[in-house]
Amino acid sequence: MASSTFQSPATLNAMSDFSDFLDFEFDSLGATTVTLPASAVAWAAQVSQQQPDAVYLWPTFLRSLALQGFQQWLTAGAQGLDVSYDPTRPPDPGVNCWVGDYRLCLVAQGSLSDELIAIAPDTLEDASHFAHLYILAEVQEEADRVTILSGLRRDRLLAHQQQTGLTLNADGTYAVPVHCFGSSPEDLLLYLSCLNPVQLNGVEPVSAAQAALTPAQPQEPRWATSPPINAGRWLRDQLDAVADSLALTLLPPLAPAHALMSVSTPVEQLEGLLRDLEPSGLTIPSTARGIYDDLQRLGLPMRLYALIWTLFESPTPEWSLVLFLGPAPGEQLPLGTRLIVRDATSTLADQTPAPGHEADYLYAQAIGTWDEQFAVTVELPTGAVLDWPPFSFSPEA
Amino acid sequence: MDKVFRYWQLLRLTSSGQCQPQVLPQVRTWVQQTLPDQLGNPDTPETERQKALLDYWKAGDQGADLAQLSLRCFVSHHIREACLRLASRYGEAHRFTAAELLALVLDDDGRLTPGYRPLTLHILETYDPDKASLATWVSRLTCNHPDINRLLIQDKGLYRASDWAILNDTGLDQVQRILQTYHGCSAYEVTLGVTLLEQYHRVYRRDRLAQKQKQPGQPSRCQDPTPAQLHEMNPDLSSKEMLEQLKWLAGQLRQYRVHARGGNPVPYQPEEPDWGKIAAPDETPDEQGEFLQAYRQTVATYLGEAIAQVIQANIVRLQPKQPPPHQQRRPGPGSKAWAYVQGLHLLHCQGLSMGQLATHINLTTQVQVNRLLQLLRLRAEVRHWLIPRLCATVRHQALDYVSAEQLHAMDQTLEHILTEEVDHILDEAKREMQSSKGRGTPASLFARQLCITIHQYMPDSE
């Protein structure tokens, strides 16, 4: 068979512009290119041998190289970022490494540079193990080099899926156009260092796994049924009728710099919490006002605090709502307690005590424009659910 | 200007390695007499001239050798052009010259019957006028020349994937889709292509992996498959045929690759920002005086600390794992960490360019300096360090609740503040800087603060 059997019309045009050809043929050492040390290559060659199916051996090898390169790139900075993965197993095509709370799906691109990137469906659909970020890394196996090309955020991928749909490959993976990978390596560093991965969850349909957590819960937050609590009134030292009816208690203005700590009064307890939280970057302006709701009235050993203040820094004025769920003095928050905050379309926060930190409190913050409302739910380990009327903000009303 | 002389002027290397034109009178006389229409008329397209010459050469009649030599002359000019373009595109950053490349490929001595196969002849013999123009073919084979690739990849850090790497890294589903939708091949051709790649993978990938296992850490270009490998791939074909088919398939994939990289600027185009200077800031459209002022205040408070933290972390990272017992934070001369601090200082405070400062810190190329200093990342990391402080002091918001878009907005505002020209914030620092010896006074807030902060990491003699 002669090679000319495959004569194709694209041949003439594809190479017509030499300078384009040059630009896309050669790979310069970019800022995000790393050269792998022998130990990294040896690990990749070794660990990929565990892949039982010979057909997948080479892609597994490339992915292992990509992982080593990604790690080297991350650690070549001053931010102390590092990636964790199981060094005894080859990375699989799904979620294959972690940076902090980020679940990452590292996708290796060999020297072909395809326009379509295959991603494993689980990374998108698994409600509890989806990938927050996809990272595209080009592997130059001949040069033992890896270049971090770009990233794709889960929320963007979900949006793309909803707008244009995703094509299924024959092997059941999704084909995602490479131009969707629009986050630059610098963006990736920004996210991994500063962004809570929950922010990338995107709007997703309520999945079976989540439904299972709240058995027999008609998830009907009181959006439609109850009039909201107007938190804007708090700034004027007032409670509206709804808050009154719930027996919420208005807190005096805060003095977070309080010198000595005692935990006798609710406001002192809150001030203690705020001091503990300062290192996390949460500071409460002196203009903030709030309420607390003592749940001991319901026989529950906990207290919910809500603080609000206004934000004028963006073109549209915003308000901030911060919630703390803390144990009553001398008590602990039971494991499995959850604090959930939602806006009209999605869950903004879903906090539960980490094992070993039972004594701690949960907190959540939501920021929105003045016409936005937030629903707050506390879920108990028993499955019982407490929710409040939505918190709204109309300081003039 | 008609460049018809290229058909009788050969570019060749002198004994001292210079590229020099040499007129071949017998070729000139022959083409002017034999092809007066094509070569005498300046309006004749090159393709027509080449076709006439190719026809003469292929016919093998009298004058065939002269027609071939005339084409070799033409090819030599395009080889030079390819080398010039490579050098102008990558030479400065990777520190090579066109002359270095030409020394590897201009090997035609202009004899009618050379005792070897010069590159010019190899190009002509493999040329198919139906597939591409001769100029394009010359460019492609020149860039593909093994010696050039070796020089660029091993010595200069510039990489071009081999045919075999591309075949290794292409999945069967990919080759099927590319042949079908990009090249418009028939179902039969697609099946042949897929089968061919499958045969190749089975043998070549396996051997390559085994080699990698045996010798990790010795990056090596994939070599042509051996006759034994080719035979194992498909015992029914001769090695030569099998090799040709694989090369053809790789060529198809390579074309697609160029197309994919050309059409997808985000991931595939190498981002080579202008490292030498920090970009002038864009006007922020929604500049809100008070808001920016609050940001500026925070930046003014924390910038020195942020830069110090990031530089310190980089020094620690660049230092050997086990520092001498009395290791100071000022790195010792000659070390990598020392080069890092010196490089930042020379660039930001002395106004030297990356290329200029390379030799001062024992490096040779701009690319190496780039990679050591990582300026974009340095500035990004300073911003990332500042962001939680901004959240706390300006937004009164815990970082956990900042959305990706809010984060980008903060990051951009910070970049704006860091890179805008300053004249008011650091008046004192400015006077200090101007009295020092630096010739390029740093213009951005970032550069100025860096110049102040970095002194604590410089040797005392500085």
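Scroll up to find the structure this text is about.
Scoring rules and cut-offs
Going along each chain's sequence as written, the residues are numbered from 1 onward. Written order decides the labels, with chains lettered from A and ligands numbered from 1. In keeping with the predicted nature of the model, local features appear solely for residues at pLDDT of at least 70, side-chain atom pairs appear and are counted solely at 80 or more, and the whole-chain, interface and lining totals rest on all residues. Hydrogens are left out, water is left out, and the side-chain values use all remaining heavy atoms of the structure. Secondary structure elements are defined from DSSP: runs of H or I of at least 4 residues count as helices, runs of E of at least 2 residues count as strands, and each element is numbered from the N terminus. Any residue under 20% of the maximum accessible area for its type is buried, any over 50% is exposed, and the rest in between are partly exposed; the area is computed with a 1.4 Å probe on protein chains only. Contact criterion: two residues are considered in contact whenever any of their non-hydrogen atoms come within 4.5 Å of each other. Using the Shrake-Rupley algorithm and a 1.4 Å probe, accessible areas are obtained, with residue cover drawn only from the displayed protein chains. When two cysteine sulfur atoms lie within 2.5 Å, the pair is treated as a disulfide. The pairing criterion for strands is at least two bridges between them, as found by DSSP. All axes are obtained by fitting lines to C-alpha atoms, using only the stretch in contact for helices, and the reported angles, taken between N-to-C directions, cover 0 to 180 degrees. In short, buried area is how much 1.4 Å probe accessible area vanishes from two parts on joining, totalled over both. Whenever Lys or Arg places a side-chain nitrogen within 4 Å of a carboxyl oxygen from Asp or Glu, that contact is recorded as a salt bridge. Counting of polar contacts relies on pairs of N or O atoms within 3.5 Å, with two restrictions inside protein: one atom must be capable of donating a hydrogen and the other of accepting it, and residues adjacent in sequence are counted only when both atoms are side-chain atoms. Gly falls in the polar group here, along with every residue not listed as nonpolar (Ala, Val, Leu, Ile, Met, Phe, Trp, Tyr, Cys, Pro) or charged (Asp, Glu, Lys, Arg). The rule is short: rings of Phe, Tyr and Trp, with Trp giving its six-membered ring, pair when the centres are within 6.5 Å, and they are stacked under 30 degrees, edge-to-face over 60, tilted in between. Expected span of a helix: the number of residues minus one, times 1.5 Å.

Draft legend 1. Structural view of the overall build of chain B. When its secondary structure is counted, chain B shows 22 helices and three strands. Burial statistics for chain B: of 462 residues in total, 51% are counted as buried. A sequence separation of at least 24 residues applies to 66% of the contacts in chain B between residues at least 6 apart. Carbon and sulfur atoms make up 49% of the accessible area of chain B, which amounts to about 21,100 Å² in all.

Draft legend 2. Seen up close, the state of the cysteines. Scanning the model with the defined rule gives one disulfide over all chains in all. Among the cysteines around B:Cys19, which has no disulfide bond, B:Cys83 carries the closest sulfur, lying 9.0 Å off.

Draft legend 3. Region of the structure containing the environment of A:Ala159. The residue A:Ala159 is located in helix H6 (residues 154–164) in this model. Overall, the relative accessible area of 26% leaves A:Ala159 in the partly exposed class.

Draft legend 4. How the structure looks around the sheet that holds strand E2 (residues 33–35) of chain A. All names here are of chain A. The five strands are arranged E2-E7-E6-E4-E3 in an open sheet whose pairing can be described as mixed. This sheet does not close on itself; its edge strands, each paired only once, are E2 and strand E3 (97–99). Each neighbouring strand pair of the sheet contributes to a mean axis angle of 35°, computed without reference to strand direction. Against the sheet, helix H7 (residues 185–194) engages E3, strand E4 (102–109), strand E6 (133–140) and strand E7 (145–153), with an angle of about 65° to E7.

Draft legend 5. Spatial organisation of the interface of chain B and chain A. Taken together, the 103 residues of chain B in the interface contact 104 residues of chain A. Of the roughly 9,600 Å² buried at the junction of chain B and chain A (both faces included), carbon and sulfur atoms supply 55%. When the buried surface of chain B facing chain A is broken down by residue, B:Tyr159, B:Arg377 and B:Tyr401 rank first, second and third, together holding 9% of it. Where chain B meets chain A, there are eight salt bridges. For the salt bridge of B:Arg177 with A:Asp114, the shortest nitrogen-to-oxygen distance reads 2.5 Å. In this assembly, chain B and chain A are joined by 36 residue pairs in polar contact (both at pLDDT 80 or more). A per-element tally of the side of chain B that touches chain A places helix H13 (residues 239–263) of chain B first, with 14 residues. Per-class residue counts for the side of chain B that touches chain A are 43 nonpolar, 31 polar and 29 charged.

Draft legend 6. Geometry of the packing of aromatic side chains. Applying the stated criterion across every chain yields a total of 16 aromatic pairs over all chains. With 6.1 Å between their ring centres and 85° between their planes, A:Trp234 and A:Phe391 make a pair best called edge-to-face. Of this pair, A:Trp234 sits in the loop between strand E10 (229–230) and helix H9 (241–245) while A:Phe391 sits in strand E20 (residues 391–392), placing them 157 residues apart in sequence. Comparing A:Trp234 with A:Phe391 shows no difference in burial state: the two are buried. Ring centres of B:Tyr200 and B:Tyr204 lie 4.9 Å apart, and the angle between their planes is 15°; on these two criteria the pair is classed as stacked.

Draft legend 7. View of helix H10 (residues 266–277) of chain A. Residues and elements named next belong to chain A. Taking 1.5 Å of rise per residue, the 12 residues of H10 would be expected to cover 16 Å, and the 17 Å separating its terminal C-alpha atoms lies within 8% of that figure. Extensive coverage of H10 is indicated by the burial of 10 of its 12 residues. Those residues of H10 not exposed but buried are Pro266, Val267, Glu268, Gln269, Leu270, Glu271, Gly272, Leu273, Leu274 and Leu277. The inward-facing, buried residues of H10 contact strand E12 (289–294), strand E13 (302–311), strand E14 (318–327) and strand E17 (362–369).

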